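# Structure assessment
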2 protein chains.
Amino acid sequence: MSDRVAIIGVGMCKFGELWEQSLRDITLEAGMYAIFDSGVRGADIDGVVIGNMSAGRFTGQEHLGAQAADMGGLGDMPAYSVEAACASGGAAVRHAYMAIKSGEHDLMLVLGNEKMSDVNQSEAMNTISVAADWEYEGMFGATFPALYAMMARRHMKEYGTTEEQLALPTVKNHANAEHNPWAQFQRAVPLGVVMKSGLIADPLRVLHSAPVTDGAAGLVVCREDLAKKYSDTPVYIEASEQRGDTLALHDRKSITRMDAVIYSTKSALKEANLKVEDIDVFELHDSFSIGEIILTEDVGIAKKGEGGKALEEGITEIGGKFPVNTGGGLKARGHPVGATGVAQIVELALQLRGDAEKRQVDGAEKGLAVNIGGTGATSIVHIIGR
Amino acid sequence: MSDRVAIIGVGMCKFGELWEQSLRDITLEAGMYAIFDSGVRGADIDGVVIGNMSAGRFTGQEHLGAQAADMGGLGDMPAYSVEAACASGGAAVRHAYMAIKSGEHDLMLVLGNEKMSDVNQSEAMNTISVAADWEYEGMFGATFPALYAMMARRHMKEYGTTEEQLALPTVKNHANAEHNPWAQFQRAVPLGVVMKSGLIADPLRVLHSAPVTDGAAGLVVCREDLAKKYSDTPVYIEASEQRGDTLALHDRKSITRMDAVIYSTKSALKEANLKVEDIDVFELHDSFSIGEIILTEDVGIAKKGEGGKALEEGITEIGGKFPVNTGGGLKARGHPVGATGVAQIVELALQLRGDAEKRQVDGAEKGLAVNIGGTGATSIVHIIGR
């Protein structure tokens, strides 16, 4: 048990189109919230790690670790920046996990951030393509919606997944986000509206797709033996696993599953000595609704091809057997790319602490997050327990 | 001693303006070289980490960890990307050091890369500004040459550093690079030519400045107890330390020293139980010649203000008491930003193995590298020993 890393503070800014705040502002807000939540002083922190995908393109700033430590007044401590496309936030959590386990750090601030709305939409779409294979995919017009659309079309053909099922993650996640004060879209969306929203890459519609979002999220993490000094309700990282796959979608054996998710989840469950049935709450990367359907299958909630059916049966709703994306997921909480993996852990920690208010899963003790980079070239899985 | 991490393979591509190779090509070349040098098989490697500053802007590609693992045919292993501006390479080395010490990895491929020449020069200069504070410096025209020029001018005023002394790092580093087959500029440059080269930001001239370069470098690193299985000449990371400072130059107490370098060097020497006199060969980050002068002082080779004098006296030449930048430094080896910190360790490893040929420092047993991000907002120091 001494191998675990504790989470003693969580924070976020409200996600959205934050025109009046800079990347620096929102990062400071989320980080300070996590620090206040933890009760630590700045001087207790001995390192910062930040996950971000593409601030160099979105805002003209790299070297974000140094910027975050500087703006937070955190002195001369080591500050790290990590990137794994849409899994950059999960990569930051994993970096801190390794840094603490290595003995190089005791108590760290973990941040994730992205400021996406300050560029025009076509530049945002090009920038998001940095996460896939630009030379072999993006350059030829295979943007993210196009790639996920092919995955969706193939899933429909192989398993009979329906257009209605494709819309269900959106309906569920918006319903959940109604009760998340940090979510970008705090409102329900009826099935009919989703199914009639504009096509962006057949069969994917705009309301199947995570939005362009500004946001930041933060965690304070520390060695397990220090946790009780600061927090009455620490939760623990019981497993951290990462796997990869080919960068380009066309090189995969199958485009209706993500092998990196399958193997990283299996390894994480083994590391935590748990079965999927033991997990009370899930965060599954739903950048497009087909992603949530595939991940529902790949983590073992549903059999292969039955992710859509699981949604129809309501087993991934709050109150169901395997609640997924209780905070609204990427679709409704918003998807500021680098922040998402950290925000997933924030949501799980709140659930495990019993602090999730109207979206609380009763008695949640174990949570699992899957954070995806690209179309599944990176999968980072964390299991959190109390 | 079980705390050390071994370096069992090193490799690079020849640095330069590599118009006919993509970022992918040069990274593969450097990585394969390091793997062949180490004698490991791909299947022995359990993780990849890559340091890069701004491929998103330079080439339209992020998610470089996944790309490197994919192109190397390295399977589904975890692949990490880290960034710390011009210290991104050093950050990759430090990431691997922590990942191995944490027990999460046993044997890793460490890469650093940057492809800078495929954009026009003004875009390259803007992109390099992502390493400083874009909103408070770059946006107002305070590009890197301008910032270092202010450091140089102040150093001349406070300590009497001369224009001739400012030119000496270039003369020495070019002379060293004559004997480095991987260097971008394998030729000597006379003092008079440096001193008459074009002014770019008074008092800095073009030949005081590291060039725009394409390049990649690689290391194979592993747990100390595995090293002898693969290599007869392993060298070891005896210390890895990192410190930070304010991102913007104007927030510093002094602009003629770099506190992050002073403290990270002190900590590293303490960690390795060494004094600066015990170090046989140094790699000091000379993105501008004034940088090498300041670092010569900050690591303790020369007293404060006497870095220029140390150069005049030849003590930092090969054959001097404290040889600095034996492979040509950033100025003459070239400075593909994310590759530089890895290339520094490649040079030290070659020196300690006795493989540095005509630039060999006789009997070198300990080496120290300082890799800087921005104008000193990040300093990463590694001490290597055999």
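### Digging into the interface of chain B and chain A
Listed by partner, the interface residues are 46 residues for chain B and 46 residues for chain A. For the side of chain B that touches chain A, the per-class residue count stands at 20 nonpolar, 16 polar and 10 charged. Judged from the 3 bridges that link them, strand β3 (residues 79-83) of chain A and strand β3 (residues 79-83) of chain B form a sheet pairing that is antiparallel. In the strand pairing of β3 of chain B, Glu83 of chain A is matched with Ser81 of chain B.

### Quick look at the confidence of the model for chain A
For chain A, per-residue confidence averages 95 on the pLDDT scale, and 99% of positions sit at 70 or higher. Across the interface, the model reports ipTM at 0.95; the global pTM reads 0.96.

### Re the pairing of strand β9 (residues 281-284) of chain B
A regular strand carries its side chains on alternate faces of the sheet. Residues and elements named next belong to chain B. Alternating residues of β9 divide into Val281 and Glu283 and Phe282 and Leu284, and every residue in both groups is buried. Sheet topology note: the β9/strand β10 (residues 366-373) ladder contains 4 bridges and is parallel. Each residue of the ladder has a partner; that of Leu284, found in β10, is Val370.

### Digging into the domain arrangement of chain A
Residue and element names in this part refer to chain A. Partitioning chain A into structural domains gives domain 1 (5-120 + 213-235) and domain 2 (124-209 + 237-385). For domain 1 versus domain 2, the separation of C-alpha centres amounts to 22 Å. In this complex, domain 1 contributes 41 residues to the contact, which on the side of domain 2 involves 37 residues. Taken together, the elements giving at least two residues each to the side of domain 1 that touches domain 2 come down to β1 (5-12), α2 (55-58), α4 (88-101), β4 (107-115) and β7 (214-223). Per-element accounting of the side of domain 1 that touches domain 2 gives the leading share, 8 residues, to α4. In terms of residue class, the side of domain 1 that touches domain 2 is made up of 23 nonpolar, 13 polar and 5 charged.

### Some details on the pairing of β3 of chain B
Residues and elements named next belong to chain B. Within β3, 5 of the 5 residues are buried, which leaves it mostly tucked inside the rest of the structure. Alternating residues of β3 divide into Ala79, Ser81 and Glu83 and Tyr80 and Val82, and every residue in both groups is buried. Pairing of strand β2 (residues 47-51) with β3 involves 4 bridges; the strand directions are parallel. When the sheet's bridge partners are listed, Val49 is paired in β3 with Tyr80.

### Section: the packing of helix α1 (residues 23-38) of chain A against helix α3 (residues 64-71) of chain A
Each packed pair of helices is defined by two parameters, the angle between the axes and the distance between the axes. Residue and element names in this part refer to chain A. Where α1 meets α3, the closest approach of the two axes is 10 Å, and the angle between their N-to-C directions is 65°. Handedness of the crossing formed by α1 with α3: right-handed. Facing Arg24, Thr27, Leu28 and Gly31 of α1, the residues of α3 in contact are Gln67, Ala68 and Met71. Among the residues making up the contact of α1 with α3, the classes are represented as 3 nonpolar, 3 polar and 1 charged.

### Examining the environment of Ala79 of chain A
Checked against the element boundaries, Ala79 of chain A lands in strand β3. Assessed through the 31 C-beta atoms surrounding it within 10 Å, Ala79 of chain A is described here as buried. When the C-alpha atoms of Ala79 of chain A and Thr375 of chain A are compared, they prove to be 29 Å apart, with 296 residues separating the residues in sequence. When residues no more than four places from it in sequence are discounted, the contact partners of Ala79 of chain A are Val48, Gly65, Ala66, Ala68 and Ala69 of chain A together with Gly244 of chain B.

### Here's the deal with helix α11 (residues 289-298) of chain A
In terms of residue burial, α11 of chain A counts as a mostly covered element, since 10 of its 10 residues are buried. One or two residues past the end of α11 of chain A sits Gly300 of chain A, with phi positive at roughly 105°.

Parameters and conventions
- Residues numbered from 1 in each chain as written.
- Chains lettered and ligands numbered in written order.
- Predicted model: local features only at pLDDT ≥ 70, side-chain atom pairs only at ≥ 80, totals over all residues.
- Contact = placed C-beta atoms within 7 Å.
- Nonpolar A, V, L, I, M, F, W, Y, C, P; charged D, E, K, R; others polar.
- Pairing = 2+ DSSP bridges.
- Helix = DSSP H or I, 4+ residues; strand = E, 2+ residues; numbered from the N terminus.
- pLDDT = per-residue confidence, 0-100.
- Buried ≥ 20, exposed ≤ 12 C-beta atoms within 10 Å, placed from the backbone.
- Domains from an automatic or database assignment.
- Axes fitted to C-alpha atoms, helices over the stretch in contact; angles between N-to-C directions.
- Left-handed = near helix turned anticlockwise from the far one by under 90°.

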